[in-house]
Amino acid sequence: MIVAYDSRTVRTAEAPLLASGAPLMERAAFALAGIVAREVRSQVGRVPGSRVVVVVGPGNNAGDALFAGARLARAGVQVTAVLTSERTHEEGFAAFRAAGGRWMSLVASLSAPDEPAREHGVSVATAVGTVMEADVVLDGLLGLGSSGALRGVTRDLVGALVRARARSEHRSPLVVAVDVPSGIGVDDGSVPGAVLPADVTVTFGAVKAGLLLPPAARLAGRVESIDIGLSLHTADVDGQDRPAVRRLTAQDLVHQRLLAPPGADAHKYTRGVVGVVAGTEQFPGAAVLTVSGAIRTGTGMVRYLGARDVTAAVLAARPEAVPAGGRVQAWALGPGISTAPPATDDATRAQQGRIRHTLAHATGELSSDVVGDKVPAVVDAGALALLPRACPPWVVITPHAGELAQLLRARGEDVERPDVEAEPLRWAQRARELTGATVLLKGEVTLVVGPGCVYSQADGPAWLATAGAGDVLTGVLASLLAAHSSAAVKEPALPARLAAAASLIHGLAAHRANPGGPISALDVADALPGTIAQILRDHASDRRTR
Ligand SMILES: NC(=O)C1=CN([C@@H]2O[C@H](COP(=O)(O)OP(=O)(O)OC[C@H]3O[C@@H](n4cnc5c(N)ncnc54)[C@H](O)[C@@H]3O)[C@@H](O)[C@H]2O)[C@@H](O)CC1
Ligand SMILES: [K+]
């Protein structure tokens, strides 16, 4: 699992080490220089004689970059620093110059001892020209201390670099971000202004929340986390306004027993029974995809409830499905059902009635001996509009940005789809507060917000953005919830973990379905058994040896 923290938590962990004189910046710069040297070697085949530019701001982020620049200069790299503010990290700058680093400044008043700034003053255009000639550029403008969009000449430089890279067809330097890509919201993953997208981000002490959170996550490239000796504890932040942001890996699925092979004494109820209310005559495919997603994730049995024609389509594709009600351990509600009540046709009205009734039982609003205990439910698409006012966390809603905005508007928030896209974490958290449900917000990066916990999964290829993929995800998640049905009702954070797990399995199945090419939703469902077998094979032995 990858765990990311907010800046306040990181600074609190740094403080005692800094007070005791631990050489945190030296450790950071040493590791950074090593990674840059490796990247340079893979770009140009050698380190000495290669060209690196470090663009630096006023703070310790600049210190990391300048000390790393000094190390590279001593290794024979031609290193140039571009200074962007009135002051910079003094010791780092001194070490950089002592190592033979060249420098230029976008701010006329900055000067180094014995070196008047005017001899080094350059325009933004000249600085951009120098950067574009380099093999690698280090973005050391801002780190943990950044607030809001980039300002002043820093903004001008980054804006010009982004434009120059977009224009250059052939050659543009590899971008290594120091700690974070400068200008992202370090804690919330917002992107308030221009940011230079990184190929690699080298982050120190702990992964920063903004590197995993959308929309900033896609600007971070590959994230390499460097241990500089901080000790961070999730217990200190979980349950607070800014819980740690987690990302599950395939290993976690096995180690945390989110996926497990059935025991020798397993039967369909120990493996979980999923009930599906999905699809109408207008959208029968959604029923097939949801049922397929659940069956192919290894659920014990799927009960399908819907109109006769749709049931026939489901049975033609999946004869294993049982077209009748009965005991269910998790529900999959809503795919392929119109989002706008009141329904215009009888079939949709019937499906909406089933969903209302099921949700009332699943959430414990109604108790009935016939339907039995409270059970988890996935609420997707058309079922979102039928969500009760107050839900327990074992109800997991799975909207995309547009559906989330609609759900929030129905609860009095003034929000449109672009607002959700700009600040997905904020709005997913708001939806959780307003509904009580666990929220899985679908997107290029999928966010899951549960009680005191946040997960961010970025596992699927962009090809996965295709019609019906969400229906399969609903089936996968319902299958996991059914397998952990009673625990999911008892442990408030478990449905969120299972939702993150479902997103991960779904993403891995998409990669397996057709590596590097187009994928249809049914392909993803068909790739699920092989994906799960692979995960269990790869990690079963390391679980035994733990
Ligand atoms: N504290 C430590 O010893 C360590 C810090 N490290 C580095 O230090 C960084 C944090 O350093 P700082 O706290 O000095 O912060 P920064 O280096 O992020 O600089 C913050 C300063 O930048 C300016 N600024 C803020 N927002 C701006 C904006 N939007 N536009 C233009 N200027 C803006 C302000 O003057 C602010 O004081 C970390 O990200 C990391 O790179 C590492 O060396 C590890 C150890
Ligand atoms: K940076």
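Residues numbered from 1 in each chain as written. Chains lettered and ligands numbered in written order. Predicted model: local features only at pLDDT ≥ 70, side-chain atom pairs only at ≥ 80, totals over all residues. Heavy atoms only, no water.

We now examine the coordination of the potassium ion (ligand 2). Distances from the potassium ion (ligand 2) to its protein donors, Asn 61 (OD1), Asp 139 (O), Leu 142 (O), Val 178 (O), Val 180 (O) and Ser 182 (OG), fall at 2.6 to 2.9 Å. Around the potassium ion (ligand 2) sit six donor atoms, and with donor-metal-donor angles ranging over 69 to 172° the site reads as irregular. In the primary sequence, the donor residues of the potassium ion (ligand 2) line up as N-x77-D-x2-L-x35-V-x1-V-x1-S. Note that Asp 139 is positioned in strand S5 (residues 136–140) and Val 180 in the loop between strand S6 (174–178) and strand S7 (200–204), a separation of 41 residues in sequence. (Donors = N, O, S within 2.8 Å, 3.2 Å for Na, K, Ca; no water. Tetrahedral: all angles 85-135°; square planar, octahedral: opposite > 155°, others 65-115°. Helix = DSSP H or I, 4+ residues; strand = E, 2+ residues; numbered from the N terminus.)

Next up on the list: the sheet that holds strand S18 (residues 453–457). Within the open sheet, the 11 strands sit side by side as S8-S1-S10-S18-S17-S16-S15-S14-S13-S11-S12. Their pairing is mixed. Edge positions in the sheet fall to strand S8 (207–208) and strand S12 (301–305), since each has one partner strand and no second. Of the pairings in the sheet, the one linking strand S13 (residues 330–333) to strand S14 (residues 377–379) comprises three bridges and is parallel in character. When the sheet's bridge partners are listed, Trp 331 is paired in S14 with Ala 377. Sitting on the sheet, helix H12 (residues 346–362) touches strand S11 (273–277), S12, S13 and S14, and the angle it makes with S13 is about 145°. (Pairing = 2+ DSSP bridges. Contact = heavy atoms within 4.5 Å. Axes fitted to C-alpha atoms, helices over the stretch in contact; angles between N-to-C directions.)

Close to ligand 1 lie 23 residues, the nearest being Asp 64, Gly 143, Leu 144, Ala 149 and Asp 179. Arg 151 places a main-chain nitrogen or oxygen 3.0 Å from a nitrogen atom of ligand 1. Interatomic distance of 2.6 Å between a side-chain N/O atom of Asp 179 and an oxygen atom of ligand 1. The fraction of the free accessible surface of ligand 1 (880 Å²) that becomes covered by protein chains is 84%. When its residues are assigned to classes, the shell around ligand 1 shows nine nonpolar, eight polar and six charged. (Near = heavy atom within 4 Å. Polar contact = N/O pair within 3.5 Å; in protein donor to acceptor, adjacent residues only side chain to side chain. Areas by Shrake-Rupley, 256 points an atom, 1.4 Å probe, with all protein chains shown as cover. Nonpolar A, V, L, I, M, F, W, Y, C, P; charged D, E, K, R; others polar.)

As a further point, take unusual backbone geometry. Here the residue pair Pro 214 and Pro 215 is connected by a cis peptide bond, since its omega of 0° sits within 30 degrees of zero. Here Pro 215 shows up in the loop between helix H7 (209–212) and strand S9 (222–226). Located in the positive-phi region is Asp 179, a residue other than glycine, with phi close to 70°. Locating Asp 179 in the fold gives a position in the loop between S6 and S7.

What follows deals with the UniProt feature "binding site: AMP" (unreviewed entry) in the protein chain. In the UniProt entry, the feature "binding site: AMP" (unreviewed entry) is given for Lys 442, Gly 443, Glu 444, Val 445, Thr 446 and Gly 470. For this annotated set, covering 29 residues, all C-alpha atoms fall within 13.6 Å of each other, a compact arrangement in space. Positionally, Lys 442 belongs in the loop between strand S16 (438–441) and strand S17 (446–450). Those residues in contact with Lys 442, other than ones at most four positions away along the chain, are Asp 380, Thr 398, Pro 399, His 400, Ala 401, Gly 470 and Leu 473. Within polar-contact distance, the side chain of Lys 442 engages the side chain of Asp 380 at 3.2 Å. When you line up the elements, Thr 446 lands in strand S17. (UniProt positions renumbered as here; feature names shortened; annotations may be inferred.)

This next bit is on helix H11 (residues 308–317). For H11, every residue scored as buried is listed here: Val 310, Thr 311 and Val 314. Axial view of H11: buried residues confined to an arc of 100°, hence all on one face. Opposite the packed face of H11, turned more than 90 degrees from it, sit the exposed residues Arg 308, Asp 309 and Ala 316. Structurally, H11 contributes buried residues whose contacts are with helix H10 (284–296) and S12. (Buried < 20%, exposed > 50% of the residue type's maximum accessible area, 1.4 Å probe, protein only. Arc of directions from axis to C-beta.)

Another point: the sheet that holds S9. What the seven strands build is an open sheet, ordered S4-S3-S2-S5-S6-S7-S9; its pairing is parallel. The open sheet has two edge strands, strand S4 (102–105) and S9, and neither has a second partner. Pairs of neighbouring strands in the sheet enclose a mean axial angle of 20°, with direction left out of account. One ladder, built from five bridges, connects S7 with S9; its direction is parallel. Note that in S9 the partner of Thr 201 across the bridge is Val 223.

What follows deals with the nonpolar core. Counting residues in each nonpolar core, the largest one holds 102 residues, and the members touching the most others are Leu 32, Val 36, Val 52, Val 54, Leu 138, Trp 331 and Ile 397. Per-element accounting of this core gives the leading share, 10 residues, to helix H2 (residues 24–44). Looking at which domains feed residues into this core, each of domain 1 (2–245) and domain 2 (250–258 + 266–511 + 518–544) supplies at least three. When near neighbours in sequence (up to four residues on either side) are disregarded, Val 36 contacts Val 52, Leu 72, Val 136, Leu 138 and Val 176. Counting 59 residues, the second largest nonpolar core, distinct from the first, contains Ala 250, Val 291, Val 396 and Leu 536. (Core = buried A, V, L, I, M, F, W, Y, C linked by side-chain atoms within 4.5 Å. Domains from an automatic or database assignment.)

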